[in-house]
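Structure assessment
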Number of protein chains: 2
Amino acid sequence: MAARSYGQYCGITTAIELVTERWALLIVRDLLVGPRRYTDLKQGLPKIPTNILSARLKELQEGGVIRRVPLARCGLVYELTDYGRELEPIVLSLGRWGFRSMGEPREGDAVTADSLTMALRTAFRPDLASSSLDFQIQVGPVELRARIAGGELTVVQIAPPAPPVGGSLPTGEPELRFATGPDIRHLISGKLTPSEAVEQGVVTILKGNPKLLDRFAELFRIEA
Amino acid sequence: MAARSYGQYCGITTAIELVTERWALLIVRDLLVGPRRYTDLKQGLPKIPTNILSARLKELQEGGVIRRVPLARCGLVYELTDYGRELEPIVLSLGRWGFRSMGEPREGDAVTADSLTMALRTAFRPDLASSSLDFQIQVGPVELRARIAGGELTVVQIAPPAPPVGGSLPTGEPELRFATGPDIRHLISGKLTPSEAVEQGVVTILKGNPKLLDRFAELFRIEA
DNA sequence: CCGGATCCGAATCGATACTG
DNA sequence: CAGTATCGATTCGGATCCGG
């Protein structure tokens, strides 16, 4: 089952053959968050047929993008190789580019823990992250704890329960907790100010000073 | 013919739906070189079926990535929108990433003027381009004139004849002219030195001081 | 020649069922 | 948990055809 060739000898074409088959880059997206078991991937990609998931995992391994790692206790996980992890800036750039074409969510569109994690990463502005922020964001059933410190963003999945190999839960309480939905994109794009977002019900502050949402809006932004 | 949805509401997914369908990103690659007519694209992508080319052009227009522009005299060209042109760094990064997975060319693999142009762009190191270089590279039937000046790379297609909207042919003669083939990747990767490349017949100097190939090898490099 | 549209067989994908 | 197997639906590929 060699990937269908485009008949060109070129690095761009090679990359396209390796990672742009249907579903492949979404598998990479989820693995950029952390190692995942077959079942984790299946749940994070609810609409992927299992045979396609199998096929892509096999192809990505053959391409040296991911690796199959038996777990200490039991089971196994898939994880990116160093080579695969080099796709991170590309996937994040694609996310920023695609952000501007997101319309309303279509019927049945889901937000998963991994997609939201990567969405935060795409919108994060390390250059502006001189001060710190510790918050918890909730979108539907997904809850993430995110902390910015030392110019770096760390995201930990609170709900649904993270895979066993996930990061450890932070101690203590976040400064800010809020619930939101798809319309948060208008805060990220700058079309809404934080106070407008709260007034219009796009964001609901669950805990903490609403002023902290200003800091969030500074730190997570994608502009045209 | 709405693109098949991945059922996720996320910028990365949106981008993937917009540009990773089969052939779409290769069309973008060629349009990054310049506006192209339907027939130019067809020739630059010899293995694309015409119905797929039509379909992709339509979808990319609907996605706001490309635009259909009637030509002054006659005919029409497709060109990237500003939004589409923002894919350039992403496509170039993908090319650098994929470069390291290029093996030997497979039977029937072609090198087109546009693919070679973009390959030069992916390998070009603007940070090292303080001095200038004016050279002509030949790979099979493809000949390009490339000039580095002011830290910028300009590539003009000499053969096969460029589309009418292409850049103007440079006046004067290049300092260096050489012919090469797929194995030039070993010069780009640093696995071969310029003198080794010449000795082993990977590069054939057609004109100019062979020392100028050192400069080429400095300016065009992709390392692991 | 340009810019496609149409037709049809081949390959891939999607949904579901099933298994070690 | 980690996949195969099966089979209909969809897309792709290759060729031909068509109007300007």
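Our subject is the structure that appears above.
Let us look at the structure shown here. (Residues numbered from 1 in each chain as written. Chains lettered and ligands numbered in written order. Predicted model: local features only at pLDDT ≥ 70, side-chain atom pairs only at ≥ 80, totals over all residues. Heavy atoms only, no water.)

Time to look at the sheet that holds strand β5 (residues 152–159) of chain B. Residue and element names in this part refer to chain B. Overall, mixed pairing links the five strands, which are arranged β5-β4-β3-β6-β7 in an open sheet. With one partner strand each, in any of the chains shown, β5 and β7 (203–207) form the two edges of the open sheet. This sheet shows a mean twist of 25° between the axes of neighbouring strands, independent of strand direction. In terms of strand pairing, strand β4 (residues 142–149) meets β5 through seven bridges, oriented antiparallel. The residue bridging L144 from the neighbouring strand is Q157, located in β5. (Pairing = 2+ DSSP bridges. Helix = DSSP H or I, 4+ residues; strand = E, 2+ residues; numbered from the N terminus. Axes fitted to C-alpha atoms, helices over the stretch in contact; angles between N-to-C directions.)

This paragraph deals with the pattern of salt bridges. It is possible for side chains of opposite charge to pair when their charged atoms get near one another. The tally for this structure, following the rule as stated, stands at 34 salt bridges over all chains. For E59 of chain A, the salt bridge goes to R56 of chain A, with nearest N and O atoms at 3.2 Å. Note that E59 of chain A and R56 of chain A are positioned in helix α4 (residues 50–62) at a spacing of three residues, about one turn of the helix. Comparing E59 of chain A with R56 of chain A, the two get one shared label, buried. Of the charged contacts in the structure, one is a salt bridge between R177 of chain A and E143 of chain A, with a shortest N-O distance of 3.9 Å. Taken together, the residues span a long stretch of sequence, with R177 of chain A in strand β6 (residues 176–180) and E143 of chain A in strand β4 (residues 142–149) at a distance of 34 residues. Bridged by salt links that share partners, the residues E17 of chain A together with R106 and D109 of chain B form one connected network. (Salt bridge = Lys/Arg side-chain N within 4 Å of Asp/Glu carboxyl O. Buried < 20%, exposed > 50% of the residue type's maximum accessible area, 1.4 Å probe, protein only.)

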